[in-house]
Amino acid sequence: MIVLETKELTKQFGGLTAVNAVSMHINEGDIVGLIGPNGAGKTTLVNAMAGLNPPTSGQVFIFGENTTGKTPEKMCRRGLSRTFQIPVPFPKMTVLENVMTATIFGNRPGTIRDPAAHSRQMLEFVDFPIAEDTISEQLNTVQLKRLDLARALASGPKLLFLDELASGLSEGELKDMITLIFKIRDQGITILMIEHIMQLIMNLCNRLVCIQFGTKIAEGTTEEVANDPAVTKAYLGDAALDCAPDAQQPA
Ligand SMILES: Nc1ncnc2c1ncn2[C@@H]1O[C@H](COP(=O)(O)OP(=O)(O)OP(=O)(O)O)[C@@H](O)[C@H]1O
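Calculation criteria
All residue numbers refer to positions counted from 1 along the written sequence of the respective chain. pLDDT decides what is reported in this predicted model: residues at 70 or higher carry local features, side-chain atom pairs at 80 or more are listed and counted, and totals for whole chains, interfaces and linings draw on all residues regardless. Values shown for side chains rest on all heavy atoms present in the structure; no hydrogens or waters enter the calculation. Should DSSP find at least two bridges between two strands, the strands are regarded as paired. Each helix is a run of DSSP H or I of at least 4 residues and each strand a run of E of at least 2, with the numbering of both proceeding from the N terminus. To get an axis, fit a line to the C-alpha atoms, keeping to the stretch in contact for a helix; angles then go from 0 to 180 degrees between the N-to-C directions. Note on contacts: a residue pair qualifies if any of its non-hydrogen atoms lie within 4.5 Å across the two residues. Definition of nearness: a residue and a molecule or strand are near each other if at least one heavy atom of the residue lies within 4 Å of the molecule or strand. As used in this structure description, the phrase polar contact means that two N or O atoms lie within 3.5 Å; if the pair is within protein, one of them must be able to donate a hydrogen and the other to accept it, and residues adjacent in sequence are counted only when both atoms belong to side chains. Only the protein chains shown count as covering a residue, and every accessible area follows the Shrake-Rupley method with a 1.4 Å probe. The residue classification treats Ala, Val, Leu, Ile, Met, Phe, Trp, Tyr, Cys and Pro as nonpolar and Asp, Glu, Lys and Arg as charged. All others, Gly included, are polar.

Let's shift gears to the sheet that holds strand 9 (residues 207–212). Here we have six strands laid out as an open sheet, ordered 6-7-8-3-9-10, and mixed in their pairing. At either end of the open sheet lies a strand with only one pairing partner, and these are strand 6 (80–82) and strand 10 (215–221). Across the sheet, the mean angle from the axis of one strand to that of its neighbour is 15 degrees, orientation sign disregarded. Relative to strand 9, strand 3 (residues 31–35) is paired through four bridges, and the arrangement is parallel. In the sheet register, Leu 34 faces strand 9, and the bridge partner there is Val 209. Packing against the sheet, helix 9 (residues 229–236) makes contact with strand 3, strand 9 and strand 10, and its axis sits at approximately 130 degrees to strand 10.

Put into C-alpha cells, the structure is as follows:
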C-alpha cells in the first residue's frame, strides 16, 4: 500500500524554485532515504509534504487522501509526525513536560488517559539517557535529538519524517540510532529520512529518492540509486565519472 505520494510537487521562494515538480511515493513499511547534495531542496520538499510550508503547485496524498496545503496539526491527526534538523523544544520546560505537550496536543482529546505515563513510555522507548526533570535548554545535541524523536512518537504516527536525525553523532551513537530506527519501523511506522550519512542510508533504507537542484534525479531500491551515475555525479561532479573504472577502459 502507498502511504505517501506526491504529484509534481513544486515550491518556489520568489524567483527560486527550491523543489521542482517532484513526484515520488513511499510504500507501507518502507524506510525511504531522501538524499541529495547540500541545498538540493530536501528539507523544503519535506516541509511541503508535511504542511509546514505549503507547496506552490502539485499535490500530496497521505493514506490516499489529498492533504495538499493542510496544516501540520491536521497532518498530525492523520498520522504524520516529524523531527527537525535543529530540534527546538520549549527551552524552559523539563524533558517530560515537552513530551507531554506533544502527547496532549498530538492526540485526540481523551484518547490518552495518563499523558505523563504515555510520555514516560516514549522517553523509555527512545532510551532517553538522562533524568526526565532536566530542563530542556540544558540538553546536548544527542539528547535533543532523542527528545525530538520522543515528541514525534508521542502522537502515535503511522508515517514519520526524520530530518538528519543522526548528524553530530559518534560512531557508537550511530549504531544505537540504527537499532532505534529499526525498532520504530517494527512498530508499524513507515519512515522517510533525510540523511547525509552513508553508513545510515546503506544500513537502514530499502528505497532512496535523490534530488538535485530541486529536481528528482533518481528513485528506486537503495542499490539502484547508490549505483546510479547521475547520483554519483550530483555528489562528486564530472570528475567522479571520469575516474570510474569503466571510464578508464580503452574504447
Ligand atoms: N524560507 C526560504 N526562503 C528562501 N529560500 C529558501 C527558504 N528555505 C530554503 N530556501 C532555499 O531553497 C533551497 C533548498 O534548501 P533546502 O534547505 O530545502 O535544501 P536541503 O537539501 O535540505 O539542504 P541541506 O542538506 O543543506 O539541509 C536552497 O537554495 C535554500 O537556500
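What follows concerns the site of the ligand. Near the ligand, the surroundings consist of 14 residues, among which Gly 39, Gly 41, Lys 42, Thr 43 and Thr 44 are the closest. Within the side chain of His 196, an N or O atom sits 3.0 Å from an oxygen atom of the ligand. With the chains in place, 60% of the 630 Å² that the ligand exposes on its own is no longer accessible. Every element with two or more residues in the shell around the ligand is listed here: strand 2 (16–27) and helix 1 (42–50). At three residues, the largest contribution of residues to the shell around the ligand is made by helix 1. Partitioning the shell around the ligand into residue classes produces five nonpolar, seven polar and two charged.

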